[in-house]
Amino acid sequence: MTAIIPIPAQFQFDERRFSLSSETRIIVSGDSAEVFWIASFLAARLRPATGFALPVLGGIEPGAGDISLALTADDPQLGPEGYRLLATPEQVSLRASAAAGLFYASQTLRQMFPAEIESAAEQPGLDWWVPCGTVRDVPRYAWRGMMLDLGRHFFGVETVKRLIDLLAFHKINTLHLHLSDDQGWRIMIESWPWLALHGGSTATNGDPGGFYTQDQYREIVAYAAQRYITIVPEIDMPGHTNAALASYEALNVNDISPSLYTGIKVGFSSLAVHKEITYQFVDDVIREIAAMTPGAYFHIGGDETLSTPEEDYIYFIERVQEIVRKHGKRMIGWEEIGKTRLSPDTVAQHWWNKDVTAKAAAQGAGIIASPAARAYMDMKYHDHTTIGLQWTGSYTEVRDAYEWEPVELLEGVPPEAILGVESALWTETIFTQGNLDFMVFPRLCGYAEIGWSPRAGRDWESYRLRLAEHGKRLAGLGVRFYRSEQVDWQ
Ligand code: IFG
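Throughout what follows, the structure given in this document is the object of discussion. Please read all numbers here as calculations on a predicted model, not as lab measurements.

1. Let's talk about the overall build of the chain
Turning to step 1, where the next piece is worked out: Counting its secondary structure elements, the chain contains 15 helices and 17 strands.
Turning to step 2, where the next piece is worked out: Across its three principal directions, the C-alpha atoms of the chain cover 75 × 50 × 45 Å.
Turning to step 3, where the next piece is worked out: For the chain, the proportion of its 490 residues judged to be buried stands at 60%.
Turning to step 4, where the next piece is worked out: Excluding contacts between residues fewer than 6 apart, the proportion of contacts in the chain whose partners are at least 24 apart in sequence is 73%.
Turning to step 5, where the next piece is worked out: The average position of the 42 basic charges and that of the 62 acidic charges among the side chains of the chain differ by 3 Å.

Laid out in structure tokens, this is it:
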């Protein structure tokens, strides 16, 4: 059974097979360096398990046994991310209107081979076949994201790059980096160096801190962009700012800095919204990060501002919205920004309160669906999950993470206002790669399907069978995922 996740919009396979051989070539038509890179990326993933050379060649016609990648103008309905895949016993051809579509076609092709294809070690003697047939696939939502909280615990560049590869394998196209919080400031700002040097020196429970130099941030952005993932940086304000307040006395109302914080309470910190230096700080931070961020969005947080009077909050957010625009970006904020006057190109991220989310949508804001009780991957799977939180009052097993529909869940939000879906890993209790794998996978696979696949036909009973097969691919990729009892893992 061909188990592709996220399931394509349209596909049919038959009994015939296309098999790779040691003679297989990957042929790129046209002279796009981007398409050549995609073909090379695919070859690099197929070579280890097969042991085949799989040369990537341009400027020649594909022959029997080859895989071909080409951009085509003959199917504009595919849009920027859609693709067609045709497999006959002689040849596999990947076609798309834009390079991202070819990249996603190649992720689908990877998942059509036996799961052993993902092994890093050569698997001799296996028939590397894919079913013949056709796939025509386009995503439901343009925003298919994951948020990683670096504030509570810091994760280095290599861990983030590994996560980016796993996100791309599931056609996720947005990685939201939560770069600051009470417990840590995680990116160097050259005009305010103590933010990272002091504010980034610790983490929750006193665990090791850390921060990205600007070159490391650029490295993550570039690595993500090659894999068609846009980085959305978040500097959470005016709340969740203890690390910044601890780093510069002048940012505090009384010019006295609090000590660094390593607990997990929320809502106790606030920038001094009536001091002009606060807006110099905001401007410098947004300027420096925006200059390194090709994506259109800057996330300013805005959540849980229990220590900021509401009228001060409104004043602050409305000023920050202008600063974000000045630096050429569109503002995103957590749903609470719905209490302020929003520009119509601003985006609100739903996480808990549907009414205030609806207020944002009523102002024309696009909405990202990140419902805490479904899409927060720090939620425990069940009552004996040793890490994670469960403040939502419920547990989030693999089925709970899959069986929800953004349009139904977001009452009061017009369906057309929903830009897409984003899951979130808050890291109060997560600080190793193993913790991360265990909480993110396999739930992320379900979010990827909710964001990409058609609403119709999405159902747990068929998904859980595909997920059982997909688990072998995750294992081949070295992912230590949670083996839920709800799935008959193969
Ligand atoms: N809510 C807080 C996060 C984090 C989370 C843990 C948002 C927008 C609870 N804010 O979710 O900082 O503490 O599940």
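Here the narrative resumes.
2. Points about helix H7 (residues 276-290)
Turning to step 1, where the next piece is worked out: Between its first and last C-alpha, H7 extends 21 Å over 15 residues, near the 21 Å set by a 1.5 Å rise per residue.
Turning to step 2, where the next piece is worked out: Judged by how many residues are buried, H7 sits mostly within the fold: 11 of 15 residues are covered.
Turning to step 3, where the next piece is worked out: If you check which residues of H7 are buried, you get Thr-278, Tyr-279, Phe-281, Val-282, Asp-283, Asp-284, Val-285, Ile-286, Glu-288, Ile-289 and Ala-290.

3. A few points about the side chain of Glu-335
Turning to step 1, where the next piece is worked out: Inspection of the secondary structure puts Glu-335 in the loop between strand E14 (330-334) and strand E15 (347-350).
Turning to step 2, where the next piece is worked out: Of the side chains with opposite charge, Lys-339 comes closest to the buried, unpaired Glu-335, at an N-O distance of 9.0 Å.
Turning to step 3, where the next piece is worked out: At 3.2 Å, the side chain of Glu-335 and the side chain of Thr-357 are in polar contact.
Turning to step 4, where the next piece is worked out: Residues within four places of Glu-335 in sequence aside, it is in contact with Ala-348, Gln-349, His-350, Trp-351, Trp-352, Asn-353, Val-356 and Thr-357.

4. Points about the sheet that holds strand E13 (residues 297-301)
Turning to step 1, where the next piece is worked out: Around the barrel, which closes on itself, the eight strands sit in the order E8-E9-E12-E13-E14-E15-E16-E17 with parallel pairing between neighbours. Sheet twist, expressed as the average angle between the axes of neighbouring strands with direction ignored, equals 30 degrees.
Turning to step 2, where the next piece is worked out: Here strand E12 (residues 230-237) pairs with E13 via two bridges, running parallel. Looking at the pairing, Glu-234 lines up with His-299 of E13.
Turning to step 3, where the next piece is worked out: Of the strands in this sheet, strand E9 (174-178) and E12 touch helix H5 (residues 214-226), which is tilted by about 140 degrees from E12.

5. Some details on the side chain of Thr-308
Turning to step 1, where the next piece is worked out: Locating Thr-308 in the fold gives a position in the loop between E13 and helix H8 (310-326).
Turning to step 2, where the next piece is worked out: At a separation of 2.7 Å, a polar atom in the side chain of Thr-308 contacts the side chain of Ser-270.
Turning to step 3, where the next piece is worked out: Aside from chain neighbours lying at most four places away, what touches Thr-308 is Pro-238, Ser-270, Val-273 and Tyr-313.

6. Focus on the site of the ligand
Turning to step 1, where the next piece is worked out: In the vicinity of the ligand lie 14 residues, with Arg-152, Tyr-376, Asp-378, Trp-391 and Glu-428 positioned nearest.
Turning to step 2, where the next piece is worked out: Between the ligand and the protein, one listed contact pairs a nitrogen atom with a side-chain N or O atom of Asp-303 at 2.8 Å.
Turning to step 3, where the next piece is worked out: Bound to the protein, the ligand loses 96% of the 350 Å² it would expose on its own.
Turning to step 4, where the next piece is worked out: Tallied by class, residues from the shell around the ligand come to eight nonpolar, one polar and five charged.

7. Thoughts on the sheet that holds strand E5 (residues 83-87)
Turning to step 1, where the next piece is worked out: The strand order E1-E7-E5-E6-E4-E2-E3 describes an open sheet built from seven strands, whose pairing is mixed. Here the strands that pair on one side only, and so sit at the sheet edges, are strand E1 (10-19) and strand E3 (56-58). Averaged over all neighbouring strand pairs, the angle between strand axes comes to 20 degrees, with direction disregarded.
Turning to step 2, where the next piece is worked out: In the packing of helix H1 (residues 33-50) onto the sheet, contacts are made with strand E2 (26-28), E3, strand E4 (66-71) and strand E6 (91-96), and the angle to E3 comes to roughly 155 degrees.

8. Quick word on the pattern of salt bridges
Turning to step 1, where the next piece is worked out: All told, the structure shown has 33 salt bridges when counted by the stated rule.
Turning to step 2, where the next piece is worked out: In this structure, the salt-bridge partner of Asp-181 is Arg-152, at a minimum N-O distance of 3.5 Å. Of this pair, Asp-181 sits in strand E10 (residues 180-181) while Arg-152 sits in the loop between strand E8 (143-149) and helix H3 (157-169), and the two are 29 residues apart along the sequence. An identical accessibility class is assigned to Asp-181 and Arg-152; each is buried.
Turning to step 3, where the next piece is worked out: Beyond isolated ion pairs, a larger network of salt bridges with shared partners links Arg-140, Glu-405, Glu-408, Arg-455 and Arg-458.

9. Notes on the pairing of strand E17 (residues 418-425)
Turning to step 1, where the next piece is worked out: For E17, the tally of buried residues reaches seven of eight residues, placing the bulk of the element in the interior.
Turning to step 2, where the next piece is worked out: Bridge count for E8 against E17 is six bridges, and the pairing is parallel. Counted as the bridge partner of Trp-143 is Gly-420 from E17.
Turning to step 3, where the next piece is worked out: Sheet topology note: the strand E16 (residues 366-369)/E17 ladder contains three bridges and is parallel. In the sheet register, Ile-367 faces E17, and the bridge partner there is Ile-418.

10. What about the pairing of E4?
Turning to step 1, where the next piece is worked out: Among the six residues in E4, five count as buried, and that is most of the element.
Turning to step 2, where the next piece is worked out: Examined bridge by bridge, E2 and E4 share three bridges and lie parallel to one another. Bridging across to E4, Ile-26 finds its partner in Ile-67.
Turning to step 3, where the next piece is worked out: Relative to E6, E4 runs parallel, the two sharing six bridges. Counterpart to Ile-67 in the pairing with E6 is Val-92.

What counts and how
Residues numbered from 1 in each chain as written. Predicted model: local features only at pLDDT ≥ 70, side-chain atom pairs only at ≥ 80, totals over all residues. Heavy atoms only, no water. Helix = DSSP H or I, 4+ residues; strand = E, 2+ residues; numbered from the N terminus. Buried < 20%, exposed > 50% of the residue type's maximum accessible area, 1.4 Å probe, protein only. Contact = heavy atoms within 4.5 Å. Lys, Arg positive; Asp, Glu negative; His and termini not counted. Charge placed at Lys NZ, Arg CZ, Asp CG, Glu CD. Expected span 1.5 Å × (residues − 1). Salt bridge = Lys/Arg side-chain N within 4 Å of Asp/Glu carboxyl O. Polar contact = N/O pair within 3.5 Å; in protein donor to acceptor, adjacent residues only side chain to side chain. Pairing = 2+ DSSP bridges. Axes fitted to C-alpha atoms, helices over the stretch in contact; angles between N-to-C directions. Near = heavy atom within 4 Å. Areas by Shrake-Rupley, 256 points an atom, 1.4 Å probe, with all protein chains shown as cover. Nonpolar A, V, L, I, M, F, W, Y, C, P; charged D, E, K, R; others polar.

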